[in-house]
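Here's the letter readout for the chains.
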Amino acid sequence: MIEYEEAKALVRPRESEVGGRRIAAHAVPYSGEVGGTPFRFDPLERRLAERRPSGRVAVGPADPAAWERAFARCPAGPVLVGPASPVEEIRGAHVAAAEGAARSGRAVYLLDPVGLPSSSPQRAFVALFAWTPDPGAGGEEALDSMFERAFEKALEAGIPAGGLFPIVPGWTDEPELLEKYLSRLSAAGAVFAAPVPVSDDGEARRIRVEARARFEPAAPARFFEKIHHSAWPASIKEGLRLFRTQAARLGLAVLPRRPVGAGEPPDNSAAAARLEERAQELEEDEHRAALLHAAARWIDESGRDLAPVVREGNFAKVFPFGALTAEAEAAFRAVRTR
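Definitions and cut-offs
- Residues numbered from 1 in each chain as written.
- Predicted model: local features only at pLDDT ≥ 70, side-chain atom pairs only at ≥ 80, totals over all residues.
- Heavy atoms only, no water.
- Salt bridge = Lys/Arg side-chain N within 4 Å of Asp/Glu carboxyl O.
- Buried < 20%, exposed > 50% of the residue type's maximum accessible area, 1.4 Å probe, protein only.
- Helix = DSSP H or I, 4+ residues; strand = E, 2+ residues; numbered from the N terminus.
- Pairing = 2+ DSSP bridges.
- Expected span 1.5 Å × (residues − 1).
- Arc of directions from axis to C-beta.
- Polar contact = N/O pair within 3.5 Å; in protein donor to acceptor, adjacent residues only side chain to side chain.
- Contact = heavy atoms within 4.5 Å.

J.: For the pattern of salt bridges, give the residues involved together with the corresponding values.
T.: Overall, the coordinates contain 34 salt bridges when judged by the stated rule. Where Arg40 meets Glu33, a salt bridge forms, and the shortest distance between an N and an O atom there is 2.9 Å. A relative accessible area of 8% places Arg40 in the buried class. Of the charged contacts, one joins Glu176 and Lys180 as a salt bridge, the two residues approaching to 3.4 Å between their closest N and O atoms. In this pair, Glu176 and Lys180 both sit in helix H5 (residues 175–188), four residues apart, roughly one turn of the helix. Given a relative accessible area of 56%, Glu176 falls into the exposed group. Here Lys180 falls in the partly exposed class, since its relative accessible area comes to 36%.

J.: Quick one: what's the story with unusual backbone geometry, residue by residue and with numbers?
T.: Residue Pro83 follows Gly82 across a cis peptide bond; omega there is 15°. Unlike most non-glycine residues, Arg46 shows phi in positive territory, near 60°. Among the structural elements, Arg46 can be located in the loop between strand E5 (39–42) and strand E6 (47–50). Classification of Arg46 by relative accessible area gives partly exposed; the value is 30%.

J.: With reference to specific residues and values, describe the pairing of E6.
T.: Here E5 pairs with E6 via four bridges, running antiparallel. Its bridge partner lying in E6, Phe39 is registered against Glu50. Between the end of E5 and the start of E6, which pair antiparallel, lie four residues, with Arg46 showing a positive phi angle near 60°.

J.: Describe H5, listing the residues and the values that go with them.
T.: Compared with an ideal rise of 1.5 Å per residue, which puts 14 residues at 20 Å, H5 spans 20 Å between its outermost C-alpha atoms and is within 8% of the ideal. Of all the residues in H5, the buried ones are Leu177, Leu178, Tyr181, Leu182 and Leu185. Viewed along the axis of H5, the buried residues span an arc of 115°, placing them on a single side of the element. Among the exposed residues of H5, those oriented more than 90 degrees off its buried face are Glu176 and Ala187. Backbone geometry just after H5 places Gly189 at a positive phi near 100°.

J.: Summarise the environment of Trp131; cite the residues concerned and give the values.
T.: Counting through the fold element by element, Trp131 comes out in the loop between strand E10 (125–130) and helix H4 (145–156). On the basis of relative accessibility, which here comes to 2%, the residue Trp131 falls in the buried class. Separated by 50 residues in sequence, Trp131 and Tyr181 have C-alpha atoms that sit 9.0 Å apart.

J.: Provide a residue-level description of the side chain of Arg22, including the pertinent values.
T.: Positionally, Arg22 belongs in strand E3 (residues 21–27). Reaching out from Arg22, the side chain makes a polar contact with the side chain of Glu15 at a distance of 2.8 Å. Other than its neighbours up to four places away in sequence, Arg22 contacts Glu15, Ser16, Glu17, Ala76, Gly77, Pro78, Tyr109, Glu276, Arg297, Asp300 and Glu301.

Laid out in structure tokens, this is it:
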């Protein structure tokens, strides 16, 4: 039995990233891993989460104003809202949180939406659909019919949509699975498919082995060896390479589209997006990638339109990352020439 109880708007300030894109906060319309598929992929924590068949779920308010007030206490920048719940059509907490975020001027990533916001500019939203292991499909990708409908509705509404896919060596990096997943997304009209390297802590490994055993009983022995005794960083790197190569062949971007909030200058958003993309391109240079992410955050939090500052030649005077000045200016100039 699942019990739903009313709760306050839960928005956690959190400097993090989802699929390579920065977020400044995470809104949780439904709190509690209960019901639905036995496991779901959490792209923020980068791990599979176990779900109980029964228990309590805290449900946030269906009033966008309550969420707008909660977002007002968070740092500037894009936010993540979700995941939604199968009861969203009745409760409406996910849509209310998304509307509240958009009203506060935020760019909004919608994680596994069921319903869609309708009263805010659609460019403020991007829909992210996380891969879910399905015991009925031998562990292959599966969005249940509810989320498939939401995916189609997002595209019909003009909201860019795509997938978030965990790279799990020995399981999800198998070429046949990648081909089926990416081909399905491409055929559905997705504009991106972002690979997410999974966490490698002990608890995350335990859950992965348990999940694989449930879906493919013949796999655990060799999968256990891969999880615990392989060269994990090298395996992750190879999995990312395979994914990105196949995605490129199908014309899919490997970073989510970045939404544009009503309260942020569009050129700032586009320049920050470009710096995030450069961080991914240079991910093996961890120090420079971290600086690029920090620069994107600084642009988000600057509080003013920086494009005129670049045009006037004064950007270097205010930009605190001297080594990245030329690259950041180039990102702004690229925006202006589009």
